[in-house]
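Reading the structure
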Amino acid sequence: MNQYAGLSARFGTPLYVYDLDEVATARRELFDALPEEFELFYALKANPHPEVVRALREPGTVRACRAEISSTGELAAALEAGFAGHEILYTGPGKTAGELDEAIRLGVRMFSAESATDVEHIGQAADAHGVVADCLLRVNSVTASATTSIRMTGTPSQFGFDSEALPEVLPRLRKVTGVELAGLHFFPLSNAKDEASLIAEFQHTIALAARLERELGLPLRFVDIGGGFSVPYAVPGRRSPYPTLRSALAATLDEHFPAWREGTPRLACESGRYLVGAAGTLIAGVTNIKVSRGRRFVVLDAGINTFGGMSGLGRLLPVAVELDDSRAVDRASLVGPLCTPGDILGREIKVPELNPGDTVVIPNAGAYGPTASLLMFLGRPAPTEVVLRGGEVVSASRLEHHRTPVSGTGRV
Ligand SMILES: *Cc1c(COP(=O)(O)O)cnc(C)c1O
């Protein structure tokens, strides 16, 4: 707590603090939870801060992550952090010709394709540069396994090929030049509720991949089985432990892909939140305390413009901040400074004694922080973000918005 008091005195609030030692620990724990043949993609959307991304790539006692991106902005962040094009997987349902051209030009050679037209666009961009890109066909499985918080398959979706339609569409895909159909990509769930549901989902995915390989006659070089590794979001707690995942994956792979230990196919998982969630802390200042009809409201200088703004868009990331309640004396709602009743970080939660000028420390805020928030809404400055390593502040910065003129003014 003292460390955070010192940092908020030095940098002001709202303040994000990212601890790279914790990022390194999470990376080691996740690699340890997987068979050593696995590669691991870091999904930059969880936190594209350049120092955080760099920490996931840098050589260490564990293997380096690769990067999973879905925009040219994330591509720039990955390259700036030192990733080479060939270490990057480009995913997403809306890849434009311009983005694909830029990605190929900058060396990206592996894409997840969401549809036949997506494969064709990737092929056109690769052809234009005289190269061949690996395409992983993202699969939207008609069947599902675990019950999870965020489902992206089994129902109609902008993500992936409907698994039952793949046999019919494959001849069209085989004709596309500039791409090699290298394998399959799955991402059926995020933030699995426990190890059993994570394992069940992976078992389902691996069995489906093997079945598709047989039915389609499509030899798989690379299978990305997705993720779902979980960490608390803005509430106290630890990353989920996965003590049996490694052996469960190995057993399932032995059954379905007898040559997997020799690299056929190569295998990968993906994670955003697990790698960075626990490394981040948000410190918010208390601007005011008010009582309305018997209920207490703690007004903070950080609202959904700073944290969790995406939750306003639906059920994806419901923000329900909880504080360390060891000193709780009261219940109150944590609200932000924005002029919208939606600016609530926590409803009627346990809070310690708080007064204007105090700070609250929101734990496990390293994933889906600033970039997943409504940074522009109501025009407040972005929060300062500081990065710690070995107890030292190694970087302090703030994102800035500015308006850039675009040519084309004049009579319409
Ligand atoms: C969002 C996303 C991730 C990261 O999800 P987490 O729950 O943060 O691990 C990984 N892969 C894909 C394709 C995604 O869309």
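Residues numbered from 1 in each chain as written. Predicted model: local features only at pLDDT ≥ 70, side-chain atom pairs only at ≥ 80, totals over all residues. Heavy atoms only, no water.

Labelled according to an unreviewed UniProt entry, the chain appears under the name Type III PLP-dependent enzyme, originating from Streptomyces viridiviolaceus. According to the UniProt record, the Sequence similarities (unreviewed entry) comment for the chain is "Belongs to the Orn/Lys/Arg decarboxylase class-II family." On record in UniProt, under Cofactor (unreviewed entry), the comment for the chain is "pyridoxal 5'-phosphate". (UniProt positions renumbered as here; feature names shortened; annotations may be inferred.)

Some details on the domain arrangement of the chain
Here the chain is partitioned into domain 1 (34-271) and domain 2 (278-398). The distance between the C-alpha centroids of domain 1 and domain 2 comes to 32 Å. Tallying the contact residues gives 17 residues for domain 1 and 26 residues for domain 2. Here domain 1 and domain 2 share an interface that buries about 1,700 Å² over both sides, 54% of which is from carbon and sulfur atoms. By the criterion of area lost to domain 2, the three top residues of domain 1 are His49, Tyr233 and Ala234, representing 36% of everything that side buries. The interface formed by domain 1 and domain 2 includes one salt bridge. For arginine 389, the salt bridge goes to glutamate 58, with nearest N and O atoms at 3.3 Å. For the pair domain 1 and domain 2, the number of links is eight residue pairs in polar contact (both at pLDDT 80 or more). (Domains from an automatic or database assignment. Contact = heavy atoms within 4.5 Å. Buried area = accessible area lost by both parts, 1.4 Å probe. Salt bridge = Lys/Arg side-chain N within 4 Å of Asp/Glu carboxyl O. Polar contact = N/O pair within 3.5 Å; in protein donor to acceptor, adjacent residues only side chain to side chain.)

Observations concerning the site of the ligand
Taken together, Ala43, Lys45, Glu68, Arg138, Phe187, Ser190, Glu270, Ser271, Gly272, Arg273 and Tyr368 make up the full set of residues near the ligand. A distance of 2.3 Å is found between a nitrogen atom of the ligand and a side-chain nitrogen or oxygen belonging to glutamate 270. Separating an oxygen atom of the ligand from a side-chain N or O atom of arginine 273 is a distance of 2.8 Å. Notes on the ligand: free accessible area 390 Å², of which the protein chains cover 93%. The class makeup of the residues in the shell around the ligand is three nonpolar, three polar and five charged. (Near = heavy atom within 4 Å. Areas by Shrake-Rupley, 256 points an atom, 1.4 Å probe, with all protein chains shown as cover. Nonpolar A, V, L, I, M, F, W, Y, C, P; charged D, E, K, R; others polar.)

Considering the side chain of glutamate 270
Mapped onto the elements of the fold, glutamate 270 is located in strand S12 (residues 266-271). Put simply, glutamate 270 is tucked away with no salt bridge, and the nearest opposite charge, on arginine 138, sits 6.6 Å away. A polar atom in the side chain of glutamate 270 sits 2.6 Å from the side chain of histidine 185. With residues near it in sequence (within four places) discarded, glutamate 270 still touches Leu40, Phe41, Glu68, Leu89, His185, Phe187, Asp224, Gly226, Gly227 and Phe229. (Helix = DSSP H or I, 4+ residues; strand = E, 2+ residues; numbered from the N terminus. Buried < 20%, exposed > 50% of the residue type's maximum accessible area, 1.4 Å probe, protein only. Lys, Arg positive; Asp, Glu negative; His and termini not counted.)

Overview of the packing of aromatic side chains
Applying the stated rule across the entire model yields eight aromatic pairs. Aromatic side chains phenylalanine 202 and phenylalanine 229 sit 5.9 Å apart centroid to centroid with 45° between the ring planes, which places their arrangement in the tilted category. Of this pair, phenylalanine 202 sits in helix H8 (residues 195-216) while phenylalanine 229 sits in the loop between strand S11 (222-224) and helix H9 (245-256), and the two are 27 residues apart along the sequence. In this pair, the class of phenylalanine 202 matches that of phenylalanine 229, namely buried. Ring centres of phenylalanine 229 and tyrosine 242 lie 5.8 Å apart, and the angle between their planes is 75°; this geometry places the pair in the edge-to-face category. With phenylalanine 229 in the loop between S11 and H9 and tyrosine 242 in the loop between S11 and H9, the pair connects residues that are 13 residues apart, well separated along the chain. Taking the relative accessible area as the measure of exposure, phenylalanine 229 reaches 2% and is therefore buried. Cluster of aromatic residues (ring-pair linked, three or more members): Phe202, Phe229, Tyr242 and Tyr274. The ring centre of phenylalanine 83 lies 5.8 Å from the NZ or CZ of arginine 57, which sits over that ring. Of note, arginine 239 hangs over the ring of tyrosine 274, and the distance from its end group to the ring centre comes to 5.7 Å. (Phe/Tyr/Trp six-rings, centres within 6.5 Å; stacked < 30°, edge-to-face > 60°. Lys NZ or Arg CZ within 6 Å of the ring centre and 35° of its normal.)

What to know about the packing of H8 against H9
When two helices pack together, their arrangement is given by the angle between the helix axes and by the axis-to-axis distance. In contact at an axis separation of 10 Å, H8 and H9 are set at 20° when each is read in the N-to-C sense. With respect to H9, the element H8 is oriented roughly parallel. The element H8 and its partner H9 pack so that their crossing is right-handed. Between H8 and H9, the residues in contact are Glu195, Leu198, Ile199, Phe202, Gln203, Ile206, Ala207 and Ala210 and Leu245, Ala248, Leu249, Thr252, Leu253 and His256, respectively. Residue classes in the contact of H8 with H9 are distributed as ten nonpolar, three polar and one charged. (Axes fitted to C-alpha atoms, helices over the stretch in contact; angles between N-to-C directions. Parallel < 35°, antiparallel > 145°, perpendicular 65-115°, else oblique. Left-handed = near helix turned anticlockwise from the far one by under 90°.)

Overview of the state of the cysteines
Overall, the coordinates contain zero disulfides when judged by the stated rule. Free of any disulfide, cysteine 65 has its nearest cysteine sulfur in cysteine 269, 11 Å distant. (Disulfide = S-S within 2.5 Å.)

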